[in-house]
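Coordinate inspection notes
So you can see what is in the structure, the chains are spelled out below.
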Amino acid sequence: MARVLIVEDNDNNMELISFILETSGEETLQAMNGLSGVEKALSEQPDYIILDIQLPDIDGFEVLKRIRAAKEGKDIPIIAMTSYAMSGDKEKMLNAGCNGYIEKPIDPERVIAQIRDVLEKASKQ
Amino acid sequence: MKYNQKVLNYLLIIIALWTMIIGSSYLWNISQEKVYINSLAKKDAIANFNKDQAFRFWATEHGGVYVKKDKKTPANPNLSHIPERDVVTPSGKVLTLMNPAYMIRQMMDDFPNEYGVKGRIVSDKYLWKPNAPDAWEANAIQEFKRGSKEKFEFTIKNNKSYLRLMRPMMIEKKCLKCHAIQGYKEGDVRGGVGVMVLMTPYLEEFNKVRLRLLVTHAIIYATGLLLILLGGRSFNRYLIRLEEEQAKVQASHVELELKVQERTHALREANKQLQELDQLKSMFVASMSHELRTPLNSIIGFTGIMLQGMSGPLNEKQTDHLQRVKSAGQHLLSLVSDVIDISKIEAGRAEANSELFSLRELIYEAKEEVSVVATPKELTIEIEMDKDIQMETDKRRVYQCLLNYLSNAIKFTDKSGTIRVKVEEYDSKVKISVIDQGIGIDKEEQSKLFEAFERLETHLRVKPSGTGLGLYLTRKIAEDLLEGGVWMSSEVGVGSIFGLTIPKKIVDIKYKKKG
């Protein structure tokens, strides 16, 4: 069992991803905007973070940058959730220090496997 | 009337030329006339001179002539050295000897009118005072001594114009009878014999001719001048009309040009507005589509959860209905995704993300993905590829095109057929063909295939489940992002070939991935 911080402003998406993760046995922490996401990441020290890119206050890139800039945050694996239509964002996130990405719409059947893959790769580094 | 400056210049030149021609003709004629008149006067002078000479020679040959001596004809004192200057006839008449000079002088004095032109004898050793030479004559005598044979001069005396002619008078043997006393020998220049012709009648004639010439020349000149002016006037009128017409044409030309410019400007503006509107539309569609995606993701996501039984068990009907919700949501999502793609490409905001990949792997990946739909229809997908090709282009976009062609082929092929994916390499390009044994497409319909929303549903036996944007999007991706193109050929009942020809490597810098 791991502690996951989910940074996602959309209520439905939040419910969807947390339900899937909780069903698979994870403990979830939730942040509905970028600033609280950064704060919770640094204070709660989750095992990994699922980060949406489109956020109301500061966007996912900024959140990523701030977490990575802090001593407490630089080693936490971060998985970005990118929209299919914003294909350019995927590369930008990876370049900015993201460990992996999940493309929206998330597939409930595959999402757990996708997350495992990223975490496995991250732990090898 | 207004005169064109050019015409005026030409006119002035022509008038000047005409004046010169007539003027020089007049002057030339006058000079010819003068020469003629002078030659007449000269002839006259020579004739008179010859007459005097003949008379003088006659008298000389006779050694003078004896005439009655009286008051009018006294003895010549210059002949006093001659014996028998004065003789008495047996009857007692006294005669005296007249030498030629004396004779001629008396004849000219006594009958000036009958005699006509007056002769003159001069000598530097004159015996009789009136025979003394003037300056011109003295000079002539000097020239005769140097061998000159004749002297002419036009001169004015007492306000009258004369021509004078002088020839030398040489001492001959018969002259010595009288003149030996002066010390002459044979061959010496005794003096000059001359005549003076009064020029007045000749000049009068000349003046008459000159007047006649003047009148005729004036008439010719005036006539010519009139013709020149009339010609110039009508030419000027013609030229002015021509210029006016030219100006009119020019003006209408300018007007036309302005109109064209105006219209062009308006069109350009309209075009710009259209482009802006088009871009706005594309941006609007892009952002709207994004808003549409978020709820759709929830619908699909939660349906998926329920279908997996994660939120509790479902009965058969519930599973079926949720399956329909999910597939409808997925259809809607793919429609939205296609619209986003197209509008981004059309708005010029999409760019290719070039990366290195193996084409063979990509094709197998696509085959794997469509096998979910191909397998239930018992369709075989064969891949014909000699060797793997390394690509350096937008992998996801190539995949998108491949997937679209493959799903179309599957959709329009009846059960248990074969679909072939054929890859050919041409220098820097690859040609990927997806060949099916499906229902085929009418020739007339083929041209519309790659346009937006051209689904040929009315002609198809199978109800298609696509978005109607797939082939259009494929074309847009191939042309605008991958620097290639699409093509197809088909025959009803035989099958269709859909092709994609793209460069192995994207060259254009604007498509290259940043960084």
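Residues numbered from 1 in each chain as written. Chains lettered and ligands numbered in written order. Predicted model: local features only at pLDDT ≥ 70, side-chain atom pairs only at ≥ 80, totals over all residues.

1. With respect to the overall build of chain B
So the rule is basically this: For helices the rule is a DSSP run of H or I covering at least 4 residues; for strands it is a run of E covering at least 2, with both sets numbered from the N terminus onward. In this scheme the burial state of a residue depends on its C-beta neighbours within 10 Å: 20 or more other such atoms mean buried, 12 or fewer mean exposed, and anything in between means partly exposed; the C-beta positions come from the backbone.
Along its length, chain B carries 11 helices and 14 strands. Out of the 515 residues in chain B, the part that is buried amounts to 23%.

2. Brief notes about the overall build of chain A
Looking only at helices and strands, chain A features five helices and five strands. Mapped in sequence order, the helices and strands of chain A form the string β-α-β-α-β-α-β-α-β-α. The buried share of chain A, reckoned over its 125 residues, is 36%.

3. Focus on the pairing of strand S4 (residues 78–83) of chain A
Residue and element names in this part refer to chain A. Rules: In this scheme, strands are said to pair when DSSP sees at least two bridges between them. Here the term right-handed applies to a crossover when the path leading from its first strand over the helix to its second strand runs clockwise, the strands being oriented away from the viewer.
By the criterion of burial, S4 is predominantly enclosed, with six of the six residues buried. Neither face of S4 is left uncovered, since the one carrying Ile78, Ala80 and Thr82 and the one carrying Ile79, Met81 and Ser83 both have all their residues buried. Two elements, strand S3 (residues 48–52) and S4, share four bridges in a ladder whose sense is parallel. The partner of Leu51 across the bridge, within S4, is Ala80. Handedness of the crossover is the feature at issue here: the chain leaves S3, passes through helix H3 (residues 60–69), returns alongside S4, and the resulting connection is right-handed.

4. Observations concerning the nonpolar core
As a reminder of what qualifies: Think of a nonpolar core as buried Ala, Val, Leu, Ile, Met, Phe, Trp, Tyr and Cys residues, each tied to the set through C-beta atoms within 7 Å. Each residue gets a C-beta atom placed from its backbone, and two residues are in contact if those atoms lie within 7 Å.
Judged by nonpolar contacts, the single largest core of 43 residues is most densely connected at Leu402(B) and Val434(B). When contributions to this core are tallied by element, the ones reaching two or more residues are helix H6 (200–307), helix H7 (316–346), helix H8 (359–374), helix H9 (395–411), strand S11 (418–426), strand S12 (429–435), helix H11 (470–481) and strand S14 (495–503) of chain B. Counting residues per element, this core draws most heavily on H9(B), which supplies seven residues. Setting aside residues no more than four positions away along its own chain, Val434(B) makes contact with Tyr405(B), Leu406(B), Ala409(B), Ile419(B), Val421(B) and Phe498(B). Core analysis: the second largest hydrophobic core is formed by 32 residues, Val7(A), Leu16(A), Ile50(A) and Phe302(B) among them.

5. Re helix H2 (residues 34–44) of chain A
Residue and element names in this part refer to chain A. Quick note on the threshold: Of all possible arcs, the one meant is that of the directions from the helix axis to the C-beta atoms.
All of the buried residues along H2 are Gly34, Gly37, Val38 and Ala41. Viewed end-on, H2 has its buried residues packed into an arc of 100°, placing them on one side of the element. Following H2 by one or two positions, Gln45 has its phi on the positive side, about 50°.

6. Brief notes about the sheet that holds strand S3 (residues 94–98) of chain B
Residue and element names in this part refer to chain B. For clarity, the threshold we go by: Angles shown run from 0 to 180 degrees and are taken between the N-to-C directions of axes, each axis being a line fitted to C-alpha atoms and, for helices, limited to the stretch in contact.
The strand order across the open sheet built from three strands is S1-S3-S2, with neighbouring strands paired in antiparallel fashion. Of all the strands in the sheet, just strand S1 (65–68) and strand S2 (86–88) have a single pairing partner and so form its edges. When strand polarity is set aside, the average angle formed by the axes of neighbouring strands in this sheet is 35°. Here S2 pairs with S3 via three bridges, running antiparallel. When the bridges of S3 are listed, Val87 appears paired with Leu95.

7. Observations concerning the interface of chain B and chain A
The following threshold applies: Amino acids are sorted into nonpolar (Ala, Val, Leu, Ile, Met, Phe, Trp, Tyr, Cys and Pro), charged (Asp, Glu, Lys and Arg) and polar (every other residue, Gly among them).
In this complex, chain B contributes 17 residues to the contact, which on the side of chain A involves 19 residues. For the side of chain B that touches chain A, the secondary structure elements donating two or more residues are H6 and H7 of chain B. When residues of the side of chain B that touches chain A are assigned to their parent elements, the largest contribution, 10 residues, is made by H6(B). In terms of residue class, the side of chain B that touches chain A is made up of six nonpolar, nine polar and two charged.

8. Here we look at the pairing of strand S6 (residues 160–170) of chain B
Here is the key point about a regular strand: its side chains alternate between the two faces of the sheet. Residue and element names in this part refer to chain B. The pairing of strand S5 (residues 151–157) with S6 spans seven bridges and is classified as antiparallel. Bridging from a neighbouring strand, Thr155 pairs with Tyr162 of S6. Connecting S5 to the next strand, S6, in antiparallel fashion are two residues, including Asn158 with a positive phi near 50°. Relative to strand S7 (residues 189–198), S6 runs antiparallel, the two sharing nine bridges. By the bridge assignment, Met170 is partnered in S7 with Val189.

9. Things to note about the sheet that holds strand S4 (residues 118–122) of chain B
Residues and elements named next belong to chain B. In space, the four strands of this open sheet follow the order S4-S7-S6-S5, with antiparallel pairing throughout. Looking at which strands have only one partner, the edges of the open sheet turn out to be S4 and S5. Between one strand axis and the next, the sheet turns by 30° as a mean value, whatever way the strands run. Pairing analysis gives five bridges linking S4 to S7, with the strands arranged antiparallel. Bridging from a neighbouring strand, Lys118 pairs with Met196 of S7. The sheet contacts of helix H1 (residues 5–61) involve S4, S5, S6 and S7, and relative to S7 the element is tilted by about 135°.

10. Digging into the environment of Ser428(B)
All names here are of chain B. Mapped onto the secondary structure, Ser428 falls in the loop between S11 and S12. You can call Ser428 exposed: it has 10 C-beta atoms within 10 Å. Linking Ser428 and Lys504, residues 76 residues apart in sequence, is a C-alpha distance of 5.8 Å. Not counting residues within four places of it along the chain, the set of residues in contact with Ser428 comprises Pro503, Lys504 and Lys505.

11. Focus on H11(B)
Residues and elements named next belong to chain B. Put simply, the rule reads: The span expected for a helix works out to 1.5 Å for each residue beyond the first.
Between its terminal C-alpha atoms H11 stretches 15 Å, which fits the 16 Å expected from 12 residues at 1.5 Å a residue. Elements that come into contact with the buried residues of H11 comprise H7, strand S10 (390–394), H9, strand S13 (485–491) and S14. Phi turns positive one or two residues past the end of H11, at Glu483, with a value near 60°.

12. Comments concerning the confidence of the model for chain B
Residues and elements named next belong to chain B. Our working definition: The predictor attaches a confidence to each residue, and that confidence, scored 0 to 100, is pLDDT.
Taken over all residues, the pLDDT of chain B has a mean of 86, while the share at 70 or more is 95%. Every residue in residues 458–462 scores below 50 in pLDDT, and together they form four contacts with partners more than four places removed in sequence or on other chains. Here residues 511–515 is modelled with pLDDT under 50, and outside its nearest four sequence neighbours on either side it reaches 10 contacts, counting other chains as well. Per the prediction output, this complex has pTM 0.49; the corresponding ipTM is 0.79.

13. Considering the packing of H7(B) against H11(B)
A pair of packed helices can be characterised by two numbers: the angle between their axes and the separation between those axes. Residue and element names in this part refer to chain B. Inclusion rule: Here a crossing is called left-handed whenever its near helix is offset anticlockwise from the far helix by less than a right angle, and right-handed whenever the offset is clockwise.
At their nearest, the axes of H7 and H11 sit 10 Å apart, and the two run at 35° to each other. Between H7 and H11 lies a crossing of left-handed hand. Contacts between H7 and H11 involve Asp338, Asp341, Ile342 and Ile345 from the first element and Gly470, Tyr472, Leu473, Lys476, Asp480 and Leu481 from the second. Class assignment of the residues belonging to the contact of H7 with H11 gives a composition of five nonpolar, one polar and four charged.

14. So, unusual backbone geometry
All names here are of chain B. A positive phi angle is found at Asn158, which is not glycine, with a value near 50°. One can find Asn158 in the loop between S5 and S6. Asn158 sits in the exposed class, given 5 other C-beta atoms within 10 Å. Of note, the phi angle at Asn159 is positive, near 65°, even though the residue is not glycine. Among the secondary structure elements, Asn159 is positioned in the loop between S5 and S6. A residue is classified by how many C-beta atoms lie within 10 Å of it, and Asn159, with 5 of them, is exposed.

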